[in-house]
Amino acid sequence: MQPDHHALADRETVRLPDTAQETWIQAGDPRDQHPVLLHAAAAAGFTPRVTHSAIDWTAVAALVAHGHGICLVPRQAPLPQGLPLRRVPLAGPTTPVRRLLACVRPGSRKQIAIARGLDALQDAALRAAP
């Protein structure tokens, strides 16, 4: 995500190495989101220059909209409407992804409620896949 006047804002996608010289905002839960940023940046060959940190996505969006940096934002993260910013999807081999794993007790996969729940999760994942 970057301000809508940012040089990368007009692109359809951005490769993570193209952001190496940018100022970054550490966004979201620091036990979750910040390691994603650090590992993705390392895979892309750089260490992000982090100048601000915010946990709340509204605060993150305000920092970005006012030109204090760019940040990684999960597709599902809610952002406020009306701010001058744009989400630009990452592309390329260093794009971070999340993998979800469902664990059930042996033999319980055939129970109707569990089977339906697992099927619903799989359907949702297939619909959300790019």
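Residues numbered from 1 in each chain as written. Predicted model: local features only at pLDDT ≥ 70, side-chain atom pairs only at ≥ 80, totals over all residues. Heavy atoms only, no water.

## Concerning helix H1 (residues 33–43)
Where H1 is concerned, the buried positions are Gln33, His34, Leu37, Ala40 and Ala41. Considered in projection along H1, the buried side chains sweep an arc of 135° and stay on one side of the axis. Within H1, the exposed residues directed more than 90 degrees away from the buried face are His39, Ala42 and Ala43. If you follow the buried residues of H1, they end up packed against strand E3 (23–27), strand E4 (49–54) and helix H2 (57–65). Looking one or two residues beyond H1, the residue adopting positive phi is Gly45, at roughly 95°. (Buried < 20%, exposed > 50% of the residue type's maximum accessible area, 1.4 Å probe, protein only. Helix = DSSP H or I, 4+ residues; strand = E, 2+ residues; numbered from the N terminus. Arc of directions from axis to C-beta. Contact = heavy atoms within 4.5 Å.)

## A short note on the pairing of E4
Examined bridge by bridge, E3 and E4 share 5 bridges and lie parallel to one another. Its bridge partner lying in E4, Trp24 is registered against Val50. Crossover handedness for the path E3 to H1 to E4: right-handed. (Pairing = 2+ DSSP bridges. Right-handed = clockwise from strand over helix to strand, strands pointing away.)

## What about the nonpolar core?
Grouped burial of nonpolar side chains is what soluble globular proteins tend to show. Ranked by size, the top nonpolar core spans 13 residues in total, and within it Trp57, Val60, Val64, Cys71 and Leu85 carry the most contacts. Going through the elements one at a time, E3 and H2 are the ones with two or more residues in this core. With 6 residues, the single largest contributor to this core is H2. Counting 9 residues, the second largest nonpolar core, distinct from the first, contains Leu16, Ala40, Ala41 and Ile70. (Core = buried A, V, L, I, M, F, W, Y, C linked by side-chain atoms within 4.5 Å.)

## Considerations on the pattern of salt bridges
Under the defined criterion, the tally for this structure stands at 3 salt bridges. Across the pair Asp119 and Arg109 runs a salt bridge whose closest N-O atoms are separated by 3.3 Å. With Asp119 in helix H3 (residues 112–128) and Arg109 in the loop between strand E6 (90–91) and H3, this residue pair connects regions lying 10 residues apart in the sequence. By relative accessible area, Asp119 is classed as partly exposed at 35%. Its relative accessible area of 37% is what places Arg109 among the partly exposed residues. (Salt bridge = Lys/Arg side-chain N within 4 Å of Asp/Glu carboxyl O.)

## Some details on the side chain of Thr19
With respect to the helices, strands and loops of the structure, Thr19 is situated in the loop between strand E2 (14–15) and E3. Judged by relative accessible area, Thr19 falls into the buried class, the value being 3%. Not counting chain neighbours up to four residues away, the residues in contact with Thr19 comprise Leu8, Val14, Trp24, Phe46 and Ile70.

## Thoughts on the confidence of the model for the protein
Across the protein, the average pLDDT comes to 88, with 95% of residues at or above 70. Predicted confidence in the protein is weakest over strand E1 (residues 2–3), with a mean pLDDT of 62, and strongest over E2, with 94. (pLDDT = per-residue confidence, 0-100.)

## Notes on the environment of Leu63
You can see Leu63 is positioned in helix H2. Taking C-alpha positions, Leu63 is 47 Å from Gln111, a pair spaced 48 residues apart along the chain. The residues touching Leu63, leaving out its near neighbours within four places in the chain, are Ile25, His52, Ala54, His68 and Gly69.

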